[in-house]
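Report on the structure
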Amino acid sequence: MEMRWFLSKIQDDFRGGKINLEKTQRLLEKLDIRCSYIHVKQIFKTSDYPVVLSLENHCSTAQQEVMADNLQATFGESLLSDMLDDFPDTLPSPEALKFKILVKNKKIGTLKETRERKGSDKRGDNQDKETGVKKLPGVMLFKKKKTRKLKIALALSDLVIYTKAEKFKSFQHSRLYQQFNENNSIGETQARKLSKLRVHEFIFHTRKFITRIYPKATRADSSNFNPQEFWNIGCQMVALNFQTPGLPMDLQNGKFLDNGGSGYILKPHFLRESKSYFNPSNIKEGMPITLTIRLISGIQLPLTHSSSNKGDSLVIIEVFGVPNDQMKQQTRVIKKNAFSPRWNETFTFIIHVPELALIRFVVESQGLIAGNEFLGQYTLPLLCMNKGYRRVPLFSRMGESLEPASLFVYVWYVR
């Protein structure tokens, strides 16, 4: 089965100083880690589609068994603990997994073996999972990289069904050996390099396997990268630091406005079809859209830090998508009127891959000394824009609504 969906994936990432893992592990074994405050109905309040619970697991096998018990007690029948009868060797669609919670973690054995163990007592039963890189035979030029064995409790392993975490080695290795239910996590630096050197192999990989991109370890300040470059090659999960506002989070929130905010978006056909040779950096064919936006006026724009309605306001319209489509245009500055400025300016954009394009409206107050001050923004997929006269709501840097602040625009596009 082809992997057809973009998934809304946000990583709440914490990076502190060095921690004594052994001591911490001993302390955790004495703690009750139950999460009984979670109400399953609240999880599916926004969307009926499945939730992937990704575990950062450094616990002992005894504590992993406690985790398994708590997961089952908390989520009950919503926790997917066995493969679906209709999907023994292919990934189900999100529709088939509605109201289900999937655990993403290391796993021992096959789904068939998991089913055979169903109902049996798994306490105290665990196996070693080797991680790291083995040294190849040959002349020893460098120190051998250590391999470590991570013990996996069978009780927790058997809760992993369609989202088994597997270390990415190479595209060739994945084609030959990777199983349909194995997911890869690739760091942004490696992923960016692969997207430039082996873009067709990368896109082929994301057609078959769920692929997650995560921030590099040097982002100690919890900064974010631009997720667009990885959506362009079909990566289903692009992990961001949720606690850090800014452009990447604006794109994330805007991207998943599509499909009713369900958290799942069907990938464009050229990222799903096996015979497609799509390359986001080299667009040879397609059906471009000519987008015209007439920016008419602003309505009760947010106040600046000086709390004055006499700010010098301007609007920037940005396009994010494949490299050739990325551009921005700016209105003139309306002096001393941030309450109801009128621009009546028209902007035209030629967008070659509209299926991947996002439009971002940014309102700023001009500052000659300290630079422009951000007032509000709104981001949405191009193909979600309706034609005609429209009101564009504005949101703060933290993603909060600035109602009634908005822009009044006229939108038209032809293909």
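Structural notes, computed from the coordinates. (Residues numbered from 1 in each chain as written. Predicted model: local features only at pLDDT ≥ 70, side-chain atom pairs only at ≥ 80, totals over all residues. Heavy atoms only, no water.)

Details of the overall build of the protein
Keep this limit in mind: The helix count covers DSSP runs of H or I at least four residues long, the strand count covers runs of E at least two residues long, and both are numbered beginning at the N terminus. Summary of the burial criterion: residues with accessible area below 20% of their type's maximum are buried, those above 50% are exposed, and those between are partly exposed, where the area comes from a 1.4 Å probe applied to protein chains only. Only heavy atoms enter the contact rule, under which two residues are in contact if any of them lie within 4.5 Å.
Looking only at helices and strands, the protein features 10 helices and 18 strands. Looking at the protein as a whole, 47% of its 415 residues are labelled buried. Put simply, 71% of the contacts in the protein that link residues at least 6 apart link residues at least 24 apart.

What about helix 3 (residues 61-75)?
Put simply, the test is: Each residue after the first adds 1.5 Å to the expected span of a helix.
With 15 residues, helix 3 extends 21 Å from end C-alpha to end C-alpha; this agrees with the ideal 21 Å at 1.5 Å per step. Along helix 3, the positions that sit buried rather than exposed are Thr61, Gln63, Gln64, Glu65, Met67, Ala68, Asn70, Leu71, Thr74 and Phe75. Backbone geometry just after helix 3 places Gly76 at a positive phi near 55 degrees.

Describing the pairing of strand 3 (residues 101-104)
The following threshold applies: Strand pairing is assigned whenever DSSP identifies at least 2 bridges connecting the two strands. Look down the strands so they point away from you; if the path from the first strand over the helix to the second goes clockwise, the crossover is right-handed.
Here strand 3 shows two buried faces, one formed by Ile101 and Val103 and the other by Leu102 and Lys104. Across four bridges, strand 2 (residues 51-54) lies against strand 3 in parallel orientation. Directly across from Leu53, in strand 3, lies its bridge partner Val103. Read as a crossover between parallel neighbours, the route from strand 2 over helix 3 to strand 3 is right-handed.

Quick look at the pairing of strand 8 (residues 211-214)
Here four bridges tie strand 7 (residues 182-187) to strand 8, and the two strands are oriented parallel to one another. Residue pairing in the sheet places Ile186 in a bridge with Ile213 of strand 8. As paired strands, strand 8 and strand 9 (residues 237-238) are joined by two bridges and run parallel to one another. The residue of strand 9 that forms the bridge with Ile213 is Val238.

A look at the pattern of salt bridges
Just so we agree on the cut-off: Salt bridges, as used here, are contacts in which a Lys or Arg side-chain nitrogen is within 4 Å of a carboxyl oxygen on Asp or Glu.
The final tally for this structure, using the stated rule, is 17 salt bridges. In this structure, Glu201 and Arg175 form a salt bridge, with 3.3 Å as the shortest nitrogen-oxygen distance. Placement of the pair is Glu201 in helix 8 (residues 199-208) and Arg175 in helix 6 (residues 171-177), with a sequence separation of 26 residues. For Glu201, the salt bridge is made with Arg198, and the minimal N-O distance between the two is 3.7 Å. Looking at Glu201, the relative accessible area reads 26%, which means it is partly exposed.

As for the environment of Val322
With respect to the secondary-structure elements, Val322 resides in the loop between strand 12 (313-320) and strand 13 (327-330). Owing to a relative accessible area of 0%, Val322 belongs among the buried residues under this scheme. Sequence separation between Val322 and Ala357 is 35 residues; the distance between their C-alpha atoms is 7.4 Å. Once residues within four sequence positions are removed from consideration, Val322 is found in contact with Asn232, Phe278, Pro280, Ile283, Val353 and Leu356.

Digging into the packing of aromatic side chains
Keep this limit in mind: Two rings belonging to Phe, Tyr or Trp (six-membered ring only in the last case) form a pair when the distance between their centres is within 6.5 Å. Interplanar angles under 30 degrees mark stacking, angles over 60 mark edge-to-face geometry, and anything in between is tilted. The criterion for a charge sitting over a ring is simple: Lys NZ or Arg CZ within 6 Å of the ring centre, and within 35 degrees of the ring normal.
Counted by the stated rule, this structure contains 11 aromatic pairs. Arranged with centres 5.5 Å apart and planes meeting at 90 degrees, the rings of Phe225 and Phe230 form a pair that is edge-to-face. Exposure remark for Phe225: the relative accessible area of 2% places this residue in the buried category. An aromatic cluster is built from Phe168, Phe171 and Phe202, whose rings are joined through pairwise contacts. Here the guanidinium or amino end of Lys98 rests over the ring plane of Tyr49, the centre of that ring lying 5.3 Å away.

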